[in-house]
Amino acid sequence: MEEIRVFCPATIANISCGFDVLGVALDAVGDEMVVRKIPEKGIIITKIEGQELPLVTEKNVAGVAGLALLKQSNYEGGFEIEIYKKIKAGSGIGSSAASSTGAVWAMNELLGKPFTTLDLVKFSMEGERLASGVAHADNVAPALFGGFTLVRSYSPLDVIAMPSPQALYATVIHPQIEVKTADSRKVLKTNITLADGIKQWGNVGGLVAGLYTSDYDLIGRSLIDHIVEPIRSILIPGFNDVKKSAEKAGALGCGISGSGPSIFSFSKGEETAQKVALSMKKVYQTIGIEYDVHVSKINTEGIKKVS
Ligand code: HSE
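Residues numbered from 1 in each chain as written. Predicted model: local features only at pLDDT ≥ 70, side-chain atom pairs only at ≥ 80, totals over all residues. Heavy atoms only, no water.

### Considering the site of the ligand
Keep this limit in mind: Any residue with a heavy atom positioned within 4 Å of a molecule or strand is treated as near that molecule or strand. In protein, a polar contact means a hydrogen-donor-capable atom and an acceptor-capable atom, both N or O and within 3.5 Å, with residues adjacent in sequence counting only if both atoms are side-chain atoms; elsewhere, any N or O pair within 3.5 Å suffices. Accessible areas in this description were obtained via Shrake-Rupley with a 1.4 Å probe; residue shielding takes into account the shown protein chains only. Both site types are read off a 1 Å grid over the protein atoms alone. A 1.4 Å probe that fits but cannot get out defines a cavity, while an open set with protein on both sides within 12 Å along at least five of seven lines defines a pocket; lining residues have an atom within 4 Å of a point. Any molecule with more than half of its atoms within 2 Å of a cavity's or pocket's grid points is regarded as sitting in that cavity or pocket.
Around the ligand, the neighbouring residues are Ala13, Asn14, Phe19, Asp20, His136, Asp138, Asn139, Thr181, Arg185, Arg232, Gly258 and Ser259. Asp20 places a polar side-chain atom, nitrogen or oxygen, 2.5 Å from a nitrogen atom of the ligand. When the ligand is considered free in solution it has 260 Å² of accessible area, and contact with the protein chains removes 97% of it. A molecule is said to occupy a pocket when more than half its atoms come within 2 Å of that pocket's grid points, and by this definition the ligand occupies the largest pocket.

### Here's the deal with the sheet that holds strand β7 (residues 168-175)
The strands making up a sheet are joined through hydrogen bonds of the backbone, oriented either antiparallel or parallel. As a reminder of what qualifies: Note: two strands are recorded as paired if DSSP finds a minimum of 2 bridges between them. Helix numbering and strand numbering both begin at the N terminus, where a helix is a DSSP run of H or I of at least 4 residues and a strand a DSSP run of E of at least 2. Only C-alpha atoms enter the line fits that serve as axes; for helices the fit covers just the stretch in contact. Angles between N-to-C directions range over 0 to 180 degrees. We call two residues in contact when some of their heavy atoms are within 4.5 Å.
One open sheet holds the 4 strands; their spatial order is β8-β9-β7-β10, and the pairing between them is antiparallel. Two strands close off the open sheet at either side, each with one partner strand: β8 (253-256) and β10 (291-297). Neighbour-to-neighbour, the strand axes of the sheet open up by a mean angle of 20 degrees, direction not taken into account. Judged from the 6 bridges that link them, β7 and strand β9 (residues 263-268) form a sheet pairing that is antiparallel. Bridging from a neighbouring strand, Thr171 pairs with Ser265 of β9. The strands touched by helix α9 (residues 239-248) are β7, β8 and β9; relative to β8, the strand with the most contacts, the crossing angle is about 160 degrees. This element, helix α10 (residues 270-287), spans β7, β8, β9 and β10 of the sheet and lies at about 15 degrees to β7.

### Observations concerning the packing of α9 against α10
The line we're drawing: Orientation is classified from the angle alone, with under 35 degrees giving roughly parallel, over 145 giving roughly antiparallel, 65 to 115 giving roughly perpendicular, and any other angle giving oblique. Crossing handedness is defined as follows: a turn of the near helix away from the far one that is anticlockwise and smaller than a right angle gives a left-handed crossing, while the clockwise case is right-handed.
At a minimum axis distance of 8 Å, the contact between α9 and α10 shows a crossing angle of 150 degrees. Accordingly, the angle class assigned to the pair α9 and α10 is roughly antiparallel. Here the hand of the crossing between α9 and α10 comes out right-handed. Where α9 approaches α10, its residues Asp241, Val242, Ser245 and Ala246 are matched on the opposing element by Val276, Ser279, Met280, Val283 and Tyr284.

### Some remarks on the layout of surface pockets
Over the atoms a probe the size of a water molecule is rolled, and this reveals where empty space is left. Note the following rule: Grid points are joined across faces, edges and corners, and a volume is the space filled by probe spheres set on the points. When residues are grouped by polarity, Ala, Val, Leu, Ile, Met, Phe, Trp, Tyr, Cys and Pro land in nonpolar, Asp, Glu, Lys and Arg in charged, and all others, Gly among them, in polar.
Each pocket or cavity is described by its volume, and for the largest pocket that value is around 620 Å³. Forming the walls of the largest pocket are 37 residues, and the residues nearest its centre are Ala89, Gly90, Ser96, Ala131 and Thr181. When contributions to the lining of the largest pocket are tallied by element, the ones reaching two or more residues are α2 (95-110), α3 (117-132) and α5 (181-186). Residues that form the lining of the largest pocket fall into these classes: 12 nonpolar, 15 polar and 10 charged.

### Some details on a nonpolar patch on the surface
Keep this limit in mind: In this scheme, patches are assembled from residues that exceed 30% relative accessible area and form no salt bridge. Like charges are connected within 9 Å, while nonpolar side chains (Val, Leu, Ile, Met, Phe, Trp, Tyr) are connected within 5 Å. For this document, the term salt bridge refers to a Lys or Arg side-chain nitrogen within 4 Å of an Asp or Glu carboxyl oxygen. Each residue is placed in one exposure class: buried if its accessible area under a 1.4 Å probe, protein chains only, is under 20% of its type's maximum, exposed if it is over 50%, and partly exposed if it falls in between.
On the surface, Leu194, Ile198 and Trp201 cluster together into a nonpolar patch covering about 370 Å² of accessible area. Of note, Trp201 is situated in helix α6 (residues 194-213). Overall, Trp201 belongs to the exposed group, its relative accessible area being 55%.

Okay, here's the thing in structure tokens:
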């Protein structure tokens, strides 16, 4: 195989209680990339459609993640990349993760899969380091493994792929403002109280247990963030109203998607997820802020080849 076209899913990181450790892949929104082998060593980005992003390899997350892979490979040639962006940069649904994971997943396929999925997570984290200053894995892991993932440890890297309850749907609304992950990390405190820690890890455990047992109420009860949301939500206009209206419309729970400004909620069943979308939209229509909305099943397979 000389060339491959791939679908790279959007992702929701943190999932309220799991800052930097929990994430999930979405089905309904994602980018496409074409990667082809070239005889010259290195990586060239020849085309980016849909977003204004750098073509220079070292300044592009896909380029940087790809270079990390090439460094560990004995392949003598290189790759050419075309990126077709549907996920907006700075939206909070894993735009940079989609590009970096798509690049390395495609390259691994073209090379005959010499690397494990965990290796690909490590290469993609270099893209995240470029985008946000921190090599977090909570977007790249679900994009590569599919479904829900838990980063149990960063050093050594240990990622656990978890089950996705069948009827679980995500609704994501993206108010059209850009919040850079690097900026929304700077506003966070570096210390937490023991009391907040106790509440937070109770919810992480609850969410994981809920995913394994398809206990939708337990998932909903666990979607609480005592540490990051109270600070970051100040950066998102209408956040509290969107959350209240989503929960009133039947959502299991609601929180900030990744570093925002997108807001996500989970629902049991598509019908409720659509009702939640309507309720979230109404808030932004009232405030007068443009938005995009996605209602999505959980993507359980991660990045995939498209024809
Ligand atoms: N865990 C990261 C953060 C995700 O919240 O900063 C960024 O999408």
